[in-house]
Amino acid sequence: MCGICGFVGNVTDKETILGNMMDVIKHRGPDSEGKFCTDEAALGFRRLSIIDLESGSQPMFNETGDLALVFNGEIYNCLELRERFQKRGHVFANRSDSEVLLHGYEEYGEKLVNELRGMFGFAIWDAPNKKLFMARDFFGIKPVYYAMIEGSLVFGSEIKSILEFPGFKREVNEEALEQYLSFQYSAMAETFFKGIYKLLPGHYLTLQDGRLEITQYFDPTLAPQKTNETEEELIQKIDNVMSESVEKHMLADVEVGAFLSSGVDSSFIAAKYSGNKTFTVGFFDENSPYNETQFAKKLSKHLHLENHSKIISEQEYWDAIPKIMYHMDEPLGDAAAIALYFVAQEAAKHVKVVTSGEGADEFFGGYTIYREPLALKYVQWIPKPVRRAFASVAMKLPEHMKGRSYLIRGSKSVQERFIGNANIFTAKERKSILKQPTKVMTPQEFLDKNYKKMAKYDDTTKMQYIDLTNWLPGDILLKADKMSMAHSLELRVPFLDKEVFDVARKINTEEKLKDHTTKYAFRKVAEKYLPKQTSEKKKLGFPVPIRVWLKQDSGYGRTKAMFTGESAGKFFNQKQIMQLLDDHKAGIRDNSRKIWVIYTFLIWYQVFFVEKEHNFA
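On a predicted model such as this, the values are computed, not experimentally measured, just so you know. (Residues numbered from 1 in each chain as written. Predicted model: local features only at pLDDT ≥ 70, side-chain atom pairs only at ≥ 80, totals over all residues. Heavy atoms only, no water.)

What to know about the packing of helix α10 (residues 336-348) against helix α19 (residues 459-485)
The interhelical angle for the contact between α10 and α19, taken along N-to-C directions, is 40°, at an axis separation of 8 Å. One element, α10, and the other, α19, form an angle in the oblique class. Pair α10 / α19 crosses with right-handed handedness. Contact with α10, carried on its side by A336, A337, L340, Y341 and A344, involves K479, A480, M483 and S484 of α19 and no other residues of that element. Residues belonging to the contact of α10 with α19 are distributed by class as follows: seven nonpolar, one polar and one charged. (Axes fitted to C-alpha atoms, helices over the stretch in contact; angles between N-to-C directions. Helix = DSSP H or I, 4+ residues; strand = E, 2+ residues; numbered from the N terminus. Parallel < 35°, antiparallel > 145°, perpendicular 65-115°, else oblique. Left-handed = near helix turned anticlockwise from the far one by under 90°. Contact = heavy atoms within 4.5 Å. Nonpolar A, V, L, I, M, F, W, Y, C, P; charged D, E, K, R; others polar.)

Printed below as a string of structure tokens:
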């Protein structure tokens, strides 16, 4: 796990520029650094040593020295690929997984990506062809950003590297802001910095003869199937592929730990992995619903593992937010990101690599909202005009009245009501709070192409695909990468393996949502290794007490200061956002998520556009 950056173009003082780009991502790789500069290209690398500690430094070159690589990630099938390439005459200089990519490019060219199993963001400079090849992994575990700046292609693992390139002018992308207010994460390919883009998951980029081309090589489409397979056979198939994936993810020359919550996903990995340290954080005392440490300690003891826990104080939480927004690069309105920052901080005191349970819910159907189509089937048969009429009456009822929300949701199609696990402001609401609304698409229009791809499948399958292609890389994996790398910690996600996905994508919805639970088939696998109270535990997410703190004087005061400040006045109708805060404090309605999305944007803006100079690195 490392940090990469670089550029292609006619630029003077290449080494100094590259050095500045590398310095701001030192946290991604504090162990060593490397540079490669020619007349046409410059590649920079910051290393966190995990595999082949002695000779895995980068940039790395092929035997002839005409290919140069910088690589962030891990290739879990590197041993199999190495053996294959050696049989074809390739000569290896070391045993790192990085060198496998170079020989793979020699063997397959751009089709190399189809042979890989792992997480990756890498760039190869092909000197004989004056060509840059960059790729991002299947599900978006590792980030890659790029921009065209005054004729040069500039790239990096983090946006802050690109900001160091001369000639780039910082400008807030207000379309990104408007979409963010609905999704709670940066949903567009163009980031919050106008002109800087994400290389999307499952895509690669080539630059040759001045032509920039982006190609999609993988799409996590679902294909649930009804088969003659018994439940026992399905459970065994999931068990086999997950066991193999966990084993692959143990590849390291350093100790591996595990994040552990009270949920089934991280617990399963802790039960299966070969390490012996787990890490957990919580809030308040051990009896609080915002504290999972007691569950983690109990399970760790059951599994004969060490558990290291931390209680996060309210003061620590608020004080860390500016630094966290700096490391995030873009605003993220997910309050759990801050908790993840602290658990990564705790783990980094003991290990250099951790495993985590991201991806299980998206693969195996774990979110409670995936059961919504089953609940709504009792009204979905009613003609749509009639349902719409019921909903218009329900809208006039008090918000707390039982059945009101059900009638409103039942009147809508899945595309109208579901944009992912976060759905903060509607298109109408966000335009009302913005000082200068844009002409950006509604969330429903934005996701239309995704829904069309899954048109022939059931509503739950459509919802899963929306999360796989948007929520997972945009929120879940973004915070996993940025919060772990803020502490020079490599985070591995065994569920997010393409062999696991090949099994999961075919599981029929009835095997995911069964017996009034979610993730049914996977839970049956977990039963073999975990106490029943863990394998059957309901999905909680990462409980964070922001709704409590925003009602208290300290949290309310901090937020009010931001909402009434000069920065808020540039983007928002301040009277309306203050009304959200005041109504929340008065207990009129829970506006905590709406408030948090606005607050984190304003903190991010303060860090990158107002202060600019900081000591967060």
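A look at α10
The end-to-end C-alpha separation of α10 is 18 Å, in line with the 18 Å expected for 13 residues at 1.5 Å each. Of all 13 residues in α10, 11 are buried; the element is thus mostly enclosed. If you check which residues of α10 are buried, you get A336, A337, I338, A339, L340, Y341, F342, V343, A344, E346 and A347. (Expected span 1.5 Å × (residues − 1). Buried < 20%, exposed > 50% of the residue type's maximum accessible area, 1.4 Å probe, protein only.)

Quick word on the pairing of strand β12 (residues 211-216)
The pairing of strand β11 (residues 203-208) with β12 spans six bridges and is antiparallel. The partner of L205 across the bridge, within β12, is I214. Taking the residues between adjacent antiparallel strands as the criterion, β11 and β12 are bridged by two residues, where D209 takes a positive phi near 55°. (Pairing = 2+ DSSP bridges.)

Describing the sheet that holds strand β14 (residues 277-282)
Ordered in space as β15-β14-β13-β16-β17, the five strands form an open sheet in which the pairing is parallel. The open sheet has two free edges, formed respectively by β15 (306-311) and β17 (490-492), since each of these has just one partner strand. Strand-to-strand twist across the sheet, computed as the mean angle between neighbouring axes with direction ignored, equals 30°.

As for empty space enclosed by the protein
Taken as a whole and assessed by the stated rule, the structure comprises two cavities of 30 Å³ or more. Lining the second largest cavity are I141, K142, L477, A480, D481, S484 and L491. Looking at which element gives the most residues to the lining of the second largest cavity, the answer is α19, with four residues. Across the lining of the second largest cavity, the residue classes break down as four nonpolar, one polar and two charged. (1 Å grid on protein atoms, 1.4 Å probe; cavity = no way out; pocket = protein on both sides within 12 Å on 5 of 7 lines; lining within 4 Å. Points joined across faces, edges and corners; volume = space filled by probe spheres on them.)

Focus on the packing of helix α25 (residues 553-563) against helix α28 (residues 592-611)
Put simply, α25 and α28 touch, their axes get as near as 10 Å, and they point 60° apart. Both α25 and α28 take part in a crossing whose hand is left-handed. When α25 is examined against α28, the residues R558, T559, M562 and F563 are found in contact with a partner set consisting of I595, I598, Y599, L602 and I603. Its residues placed into classes, the contact of α25 with α28 shows seven nonpolar, one polar and one charged.

Section: the sheet that holds strand β7 (residues 131-136)
Pairing is antiparallel in the open sheet, where six strands are placed in the order β4-β5-β6-β7-β11-β12. Either end of the sheet is taken by a strand with one partner, and the two such strands are β4 (60-61) and β12. As defined by bridge partners, strand β6 (residues 118-126) adjoins β7 across six bridges and the pair is classed as antiparallel. Of the residues in β7, the one forming a bridge with D126 is K131.

Brief notes about the domain arrangement of the protein chain
Structurally, the protein chain comprises domain 1 (2-172 + 194-216), domain 2 (244-366 + 465-531), domain 3 (368-420) and domain 4 (546-610). The C-alpha-based centres of domain 3 and domain 4 are spaced at 30 Å. (Domains from an automatic or database assignment.)

Observations regarding the packing of aromatic side chains
Applying the stated criterion across every chain, the model contains 53 aromatic pairs. Measuring from centroid to centroid gives 6.0 Å for F218 and F501, while their planes differ by 70°, and the two rings are edge-to-face. Of this pair, F218 sits in the loop between β12 and α6 (231-248) while F501 sits in helix α20 (residues 498-504); the two residues are 283 residues apart in sequence, bridging distant segments of the chain. For the pair F218 and F501, one class covers both residues: buried. Of note, K449 hangs over the ring of F446, and the distance from its end group to the ring centre comes to 5.5 Å. Just above the ring of Y556 sits the side chain of K585; from NZ or CZ to the centre is 5.4 Å. (Phe/Tyr/Trp six-rings, centres within 6.5 Å; stacked < 30°, edge-to-face > 60°. Lys NZ or Arg CZ within 6 Å of the ring centre and 35° of its normal.)

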